[in-house]
Structures are given as structure tokens and as C-alpha cells.
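Analysis of the macromolecular model
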Amino acid sequence: MAIMNEDRTLRETAGGTVKTTVEKGTRVDVLDDKSGLPWTMIRIKGSGQEGWVTDDAINKASDELGSLSREEVAWECVDLAGVFDINAFYLMAVAQLRSNVSGRTNEDGTIFGPIGFSQAEWALNAVQPEWKIAFSQEDITQWRAQILVFAGMASTRQRALAETLSRQPSMAELLFAQVLGTDAATRAIMTPGTDLNKILSEARQAAEAEKIDPANLEGRDKPLLATDGRTSLGLVAAQVQAALEASRGHVRQEVEKRIARAVEGFGPALPVAGINFNSPKIPASRRSIASLIAESFATAGFGAIQQIAAIANAIAESGLNPAAENLNGERSFGLFQLNQNGGVGTGFPEAELKDPKRNIAIMLGEIAKPYQTAHRKRFMATTSLLEAVEIFVHHFEKPSDKSGETTKRFKIAQTLVA
């Protein structure tokens with residue numbers, strides 16, 4: 001047993017065609033780490049999918065990665081709370097309750113990631129047309145995809161439960177409904193003396209329509225269910241409260257950071273009449289490249305604020321040098337430093353990534369992907385330069401130090417405002 005230390009693309013053969021992405025924290029079996037170095041053949045625990053990844057991304061001495069970055073997960077929860085109109089503390093608390101905010105897969109390969117999805121539950125919820133969410137079955141190992149899918153599920157369930165209860169549910173009631181389905185949970189809440197067997201029978205009968213995996217009632221969620229509705233809801237409430245106590249500090253810190261930025265003048269609308277191509281951050285020899293980025297993003301429907309955010313990111317990544325490359329632990333090329341090793345540059349040859357028009361087009365293609373829909377909508381709609389830069393950094397460019405790079409790139413962006 002081994003575990004992925006970093007996100008990597010899974011390929012058909014050593015260095016061959018890309019199949020999918022294997023995310024950090026995925027448990028794997030090593031099948032061949034000798035014949036194809038620097039590539040190693042693996043089998044993903046649970047799904048059984050096989051392929052090749054770069055050897056440096058695998059920890060062969062352990063199958064335990066530990067917790068994900070709580071700061072990153074909290075940031076994602078706060079970000080998605082605004083998109084889905086759901087409580088960020090709730091999202092983080094469920095990740096705490098189900099996995100201790102971990103990206104791990106359980107021992108028998110049946111429960112995955114921070115939200116603890118089973119394969120069947122993921123299959124029922126990975127595509128949500130209402131939210132324009134569309135993930136494949138293999139994406140179950142991607143923690144950001146899990147948080148996004150669960151946020152959509154939670155928002156939909158909250159609205160349904162509020163309608164049946166004629167009031168907004170508590171966090172415990174919402175999780176109860178996500179475990180049992182709306183109708184079974186409503187019965188247990190409204191008639192708390194209802195026997196657990198009756199509640200579970202109703203939940204199982206409606207499982208497909210409610211998009212729940214009935215196997216979870218005997219597995220992952222069994223510790224939350226006992227005797228009758230009152231007892232079960234009490235167990236859920238106690239578990240949610242404990243998870244909130246353990247995780248709320250990280251969410252609060254992320255909220256306070258955003259408030260602090262707004263107070264400093266980074267937040268609300270920044271008037272942008274145009275782009276200052278004479279900014280000292282744009283070398284005279286690179287002005288045509290900056291203009292090309294602006295024109296490409298404008299053609300894709302993005303306004304001046306979004307164009308500035310894109311240019312600022314390209315300045316930070318490459319200095320607007322189309323031939324820039326970084327081979328230090330990665331293979332990143334071109335204006336946006338698109339990484340061939342598991343990043344946005346995966347599957348594209350070096351020469352194509354160094355073509356400025358293609359590099360920009362590939363980045364725009366990433367922004368246009370279905371899983372980016374919520375972030376893309378926020379990016380297009382915002383009138384805050386800071387928010388535009390922040391979204392670009394956290395969701396499109398994705399450097400390792402997202403908070404630090406957001407601050408750095410916002411300062412660049414300010415010089416680009418005409």
C-alpha cells in the first residue's frame with residue numbers, strides 16, 4: 001500500500017496518453033516501479049483503475065497522508081458558501097466529522113476523501129444540472145470536487161427540507177436529511193418518537209429518488225442512528241457540535257481575512273475605465289503580449305477587471321515571456337506557466353505551451369470547463385479587482401502559496417488600472 005503525495009495525471013503508458021488525475025491523498029498499490037522510471041505503474045485503491053504516474057509523487061513507505069491543509073479547505077468552504085447560499089461552517093464541519101478534514105480513502109476502499117463519499121453516492125450526485133456540476137466517477141478522489149458536489153447537495157437539500165418543515169433547518173437537521181433523505185428525516189423530526197426501523201425503511205425505499213446510498217446507513221452513517229428519531233437527531237446534533245468546535249476557527253480566520261481586505265479598501269467595486277499598458281510592471285517589449293491577453297479574454301466575454309486579473313497573473317508567472325519555463329520539480333511553460341505534470345498543461349506539448357496564443361487559449365479552456373462553472377460565474381460577475389485576482393489565483397492558476405500570491409498579484413493588478 002502507498003499513497004499519493006501530490007496530484008498527478010494517470011497515463012495509459014509511461015509518459016503516454018492521459019486518462020485522469022490522481023489526487024493527493026489517494027491510496028494506491030504500486031505495480032511496477034522499476035521498468036519505466038521515472039514513471040511508476042499503480043492501481044488506485046477502491047476503483048481498481050490502473051496506469052502510470054511520476055514516481056516522485058508516491059509515498060511508498062506509508063498509506064497515511066494526514067490531514068489536508070485546513071486553511072485551503074476552509075477557503076474553499078467560504079468561497080462555495082457564497083455560490084450555493086449554504087453555511088461555510090456547515091461544510092467544514094461535515095468534512096471534520098467524516099474524515100478529520102482528510103483526503104484519505106478508508107481501508108477497504110469504499111469511502112473516499114474529506115466528505116467520505118461512497119462510489120454509489122458519488123455516482124448519484126456527481127452530475128447536478130441545476131448547478132451545472134458535471135464530474136466523472138474517477139473524480140471522486142479529488143477533494144475540491146468533493147466539496148463542490150457536497151455544497152450543491154447541501155443547498156438543494158436545505159431548500160427541500162425548509163419547504164417540508166416550513167422553516168429553516170438547523171445544521172443537525174440538515175445533515176440528518178442528507179443522511180436519510182428529506183422525507184424520512186422530516187418524519188423523524190416532526191414525529192421524534194418514530195421507531196428507527198420505520199425511518200430506515202422509508203429512507204431505503206426512497207434512496208434512489210433522494211440520491212442517497214442506502215449502504216451508508218449500515219456503514220459510514222450508522223453511528224448517527226439509534227432507537228428512534230429523537231435519539232438519532234440527538235446523536236447527529238452532538239456530532240455536529242463537536243465537529244464545529246474543532247473546525248470553526250479555520251473558517252472564521254478565512255472570513256476575517258476577507259473582511260480585513262475589504263476594510264483596507266481591497267473589496268468593493270474598483271472603477272476600471274481601461275487597462276494601463278504603460279504600467280511599470282509591463283516591459284515595453286512585452287506590451288503586445290499584454291494586449292494579446294486582454295483581447296483574448298475580451299473575446300471570451302470577460303470585462304476589463306477580469307482582463308487585468310489575467311494579465312497580472314501572467315506577469316507574476318512568466319513576466320509575460322512566452323518562452324518562460326520552470327523545470328524545478330515541475331514542467332511548466334509559457335505565459336501562465338501551465339504545468340504538464342498534473343496541471344493545466346497536461347497533455348499539451350512544450351512547443352504548444354510556449355505559443356502565446358495557444359497558452360492563453362488553453363487557460364481560457366480551463367476556465368470554461370464544467371467543474372469551473374461556479375467560479376467562472378463569480379469571476380465574470382465581480383466588480384472587485386481583488387476578488388477577480390483571488391478567484392483567478394485560487395481556482396484557475398492555483399500556485400502553491402495561494403494567499404501570498406493573491407496579495408502579490410493584486411498589487412501588480414493595481415498598477416494596471418487606467
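Residues numbered from 1 in each chain as written. Predicted model: local features only at pLDDT ≥ 70, side-chain atom pairs only at ≥ 80, totals over all residues. Heavy atoms only, no water.

A count of helices and strands for the protein chain gives 16 helices and 14 strands. Against the globule reference of 22 Å for 418 residues, the protein chain gives a C-alpha radius of gyration of 23 Å, in line with a compact fold. Projecting the C-alpha coordinates of the protein chain onto the three principal axes gives extents of approximately 75 × 55 × 35 Å. Per-residue burial for the protein chain yields a buried fraction of 51% across its 418 residues. Summarising the internal contacts of the protein chain: among those between residues at least 6 apart in sequence, 59% fall at separations of at least 24. Carbon and sulfur atoms make up 51% of the accessible area of the protein chain, which amounts to about 17,100 Å² in all. The distance from the centre of the 45 positive side-chain charges to the centre of the 51 negative ones in the protein chain is 3 Å. (Helix = DSSP H or I, 4+ residues; strand = E, 2+ residues; numbered from the N terminus. Rg over C-alpha atoms; globule rule 2.2 N^0.38 Å. Buried < 20%, exposed > 50% of the residue type's maximum accessible area, 1.4 Å probe, protein only. Contact = heavy atoms within 4.5 Å. Areas by Shrake-Rupley, 256 points an atom, 1.4 Å probe, with all protein chains shown as cover. Lys, Arg positive; Asp, Glu negative; His and termini not counted. Charge placed at Lys NZ, Arg CZ, Asp CG, Glu CD.)

Here we come to the environment of Glu130. Structurally, Glu130 can be placed in the loop between β10 (127-128) and β11 (133-134). Contacts of Glu130, omitting those with residues within four sequence positions, involve Thr156 and Arg159. Only 3.5 Å separates the side chain of Glu130 from the side chain of Thr156, close enough to count as a polar contact. (Polar contact = N/O pair within 3.5 Å; in protein donor to acceptor, adjacent residues only side chain to side chain.)

Here the focus is helix α13 (residues 356-367). Here α13 spans 17 Å end to end across 12 residues, near enough to the 16 Å set by a 1.5 Å rise per residue. Turning to α13, its buried residues are Asn359, Ile360, Ile362, Met363, Leu364, Glu366 and Ile367. Packing partners of the buried residues in α13 comprise α10 (287-299), β13 (332-333), β14 (338-339), α12 (350-353), α14 (373-381) and α15 (385-397). Among the residues of α13, the N-terminal cap falls to Asp355, whose side-chain oxygen and the backbone nitrogen of Lys357 are separated by 3.0 Å. (Expected span 1.5 Å × (residues − 1).)

By the element assignment, Val18 lies in strand β3 (residues 18-22). The class for Val18 is partly exposed, based on a relative accessible area of 32%. Placed 35 residues apart in sequence, Val18 and Val53 show a C-alpha to C-alpha distance of 9.8 Å. Apart from the residues within four sequence positions on either side, Val18 is in contact with Thr9, Leu10, Arg11, Thr346 and Gly347.

With that settled, the discussion passes to the pattern of salt bridges. Going through the model one piece at a time under the given rule, you end up with 23 salt bridges. Its salt-bridge partner being Asp79, residue Arg378 comes within 2.2 Å of it at the nearest N-O pair. A residue pair is termed long-range when its members are at least 10 positions apart, and Arg378 in helix α14 and Asp79 in helix α1 (residues 70-84) qualify at 299 residues. Residues Arg378 and Asp79 agree in their burial class; the two are buried. Of the charged contacts in the structure, one is a salt bridge between Glu325 and Lys354, with a shortest N-O distance of 2.7 Å. One end of the pair, Glu325, is in strand β12 (residues 325-326); the other, Lys354, is in the loop between α12 and α13, with 29 residues separating them in the sequence. (Salt bridge = Lys/Arg side-chain N within 4 Å of Asp/Glu carboxyl O.)

For any pair of aromatic rings, geometry is given as the distance between the ring centres together with the angle between the planes. Inspection of the entire model under this criterion finds 11 aromatic pairs. Arranged with centres 5.1 Å apart and planes meeting at 80°, the rings of Phe117 and Trp122 form a pair that is edge-to-face. Residue Phe117 shares its accessibility class with Trp122, and that shared class is buried. Measuring from centroid to centroid gives 6.2 Å for Phe297 and Phe392, while their planes differ by 40°, and the two rings are tilted. Separated by 95 residues along the polypeptide, Phe297 in helix α10 and Phe392 in helix α15 bring together distant segments of the chain. Classification of Phe297 by relative accessible area gives buried; the value is 0%. Classification of Phe392 as buried rests on a relative accessible area of 0%. Through a chain of ring-to-ring contacts, three or more aromatic side chains come together here, namely Phe297, Phe302, Phe336, Phe379, Phe392 and Phe396. (Phe/Tyr/Trp six-rings, centres within 6.5 Å; stacked < 30°, edge-to-face > 60°.)

What follows deals with the packing of helix α6 (residues 182-190) against helix α7 (residues 196-205). Where α6 contacts α7, the two axes come as close as 8 Å, and the packing angle between them is 160°. As summarised for this structure, α6 and α7 are arranged roughly antiparallel, according to the angle between their axes. Every pair of crossing elements has a handedness; the one defined by α6 and α7 is right-handed. Counted together, Asp183, Ala184, Arg187 and Ala188 of α6 and Ile199, Glu202 and Ala203 of α7 form the full contact between these two elements. Looking at the contact of α6 with α7 residue by residue, the class counts come to four nonpolar, no polar and three charged. (Axes fitted to C-alpha atoms, helices over the stretch in contact; angles between N-to-C directions. Parallel < 35°, antiparallel > 145°, perpendicular 65-115°, else oblique. Left-handed = near helix turned anticlockwise from the far one by under 90°. Nonpolar A, V, L, I, M, F, W, Y, C, P; charged D, E, K, R; others polar.)

In contact at an axis separation of 9 Å, helix α11 (residues 304-318) and α15 are set at 55° when each is read in the N-to-C sense. With respect to α15, the element α11 is oriented oblique. The handedness of the crossing between α11 and α15 comes out as right-handed. Contacts from Ile305, Ile308, Ala309, Ala310, Asn313 and Glu317 in α11 reach Leu385, Ala388, Val389, Phe392, Val393 and Glu397 in α15.

In this section: the confidence of the model for the protein chain. With 92% of its residues at a pLDDT of 70 or more, the protein chain has an overall mean of 87. Within the model, pLDDT remains below 50 along residues 263-272, and this stretch shows 20 contacts once partners closer than five positions in the same chain are excluded. (pLDDT = per-residue confidence, 0-100.)

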